[in-house]
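# Overview (structure and organization)
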Amino acid sequence: MLFRKFAAFVLLAFTGVFTVSCDKPAGTPQEAAEMLTEVQQWKIEEIVVNDAVTFKDGKMAQQFGGIDFQRYMETVQLKKGGVFSGIFKGESTPFLLKWQVTDQNITIGAPEGGGKGEWTVRPDDVRKDSFIMKTQSTAYDYPRMTTIALKFKADK
């Protein structure tokens, strides 16, 4: 009886350690880039605007007085070589951006550059099966600053 309890405890402990170690975030921007390009396609899971969830489980959640997104990328791909390809809901033609690794994170923006309207992916926001890209802009609710986080999961 004592042996069974001990064996069950060891098995449970091993399973817990294995589960936690498999879901650890990337440690560096380079590691994050490798994790992001290993997944064939990412699917939108959640949109958070100014800390309020506006999209989850495939449905928009209206926020009183909040910003409403009718156009968003359902799926994205980060391809080796710096191509970021996204398909907007209801469309079939990919929208192309570029991604690049910097000293502290990954940036996603217009192919011609310029630094305006860039999205950021921090290494600690990248896991084997999910990632978050964020931006801040006054374009959605001028002159107020709007923060947006797009959460993606691996599309299997």
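See the structure above.
Heads up: these notes are all about the structure in this document. The model shown is predicted, which means the values in this text are computed figures rather than measured ones.

Let us look at the overall build of the protein chain. Along the backbone of the protein chain there are 2 helices and 11 strands. Looking at the protein chain residue by residue over its 156 residues, the buried ones come to 33%. Within the protein chain, residue pairs in contact and separated by at least 24 positions form 42% of the contacts whose partners lie at least 6 positions apart. Carbon and sulfur atoms provide 56% of the accessible area of the protein chain, an area that totals close to 10400 Å².

Under the definition given, this model contains 4 aromatic pairs. Judged by centre distance (4.9 Å) and plane angle (50°), the ring pair of Phe55 and Tyr72 falls under tilted. Of this pair, Phe55 sits in strand E2 (residues 52–56) while Tyr72 sits in the loop between strand E3 (59–60) and strand E4 (73–79), and the two are 17 residues apart along the sequence. Residue Phe55 is classed as buried on the basis of its relative accessible area of 3%. Taken together through their ring pairs, the aromatic side chains of Trp42, Phe131 and Phe152 make up a single cluster.

Next up on the list: the side chain of Ser85. Mapped onto the secondary structure, Ser85 falls in strand E5 (residues 83–88). For Ser85, the contacting residues outside a window of four places in its chain are Thr75, Val76, Gln77, Lys79, Pro94, Phe95 and Leu96.

Rules of the game
- Within each chain, residue numbers correspond to sequence positions counted from 1 in written order.
- Local features in a predicted model are, by the rule used here, given only for residues with pLDDT of at least 70; side-chain atom pairs are given and counted only at 80 or more, and totals for whole chains, interfaces and linings are based on all residues.
- Water and hydrogen atoms play no part in the side-chain values, which are based on all heavy atoms of the structure.
- Working definition: helices are DSSP H or I runs of at least four residues, strands are E runs of at least two. Numbering for both runs from the N terminus.
- Relative accessible area decides the class of each residue, using a 1.4 Å probe on protein chains only: under 20% of the type maximum gives buried, over 50% gives exposed, and in between gives partly exposed.
- Residue contacts are counted whenever heavy atoms from the two residues lie within 4.5 Å of one another.
- Using a 1.4 Å probe, accessible areas were evaluated by the Shrake-Rupley method; residue-level cover was limited to the displayed protein chains.
- Note on aromatic pairs: the rings of Phe, Tyr and Trp (six-membered ring only in Trp) are paired at centre separations within 6.5 Å, and the planes decide the class, stacked below 30 degrees, edge-to-face beyond 60, tilted for the rest.

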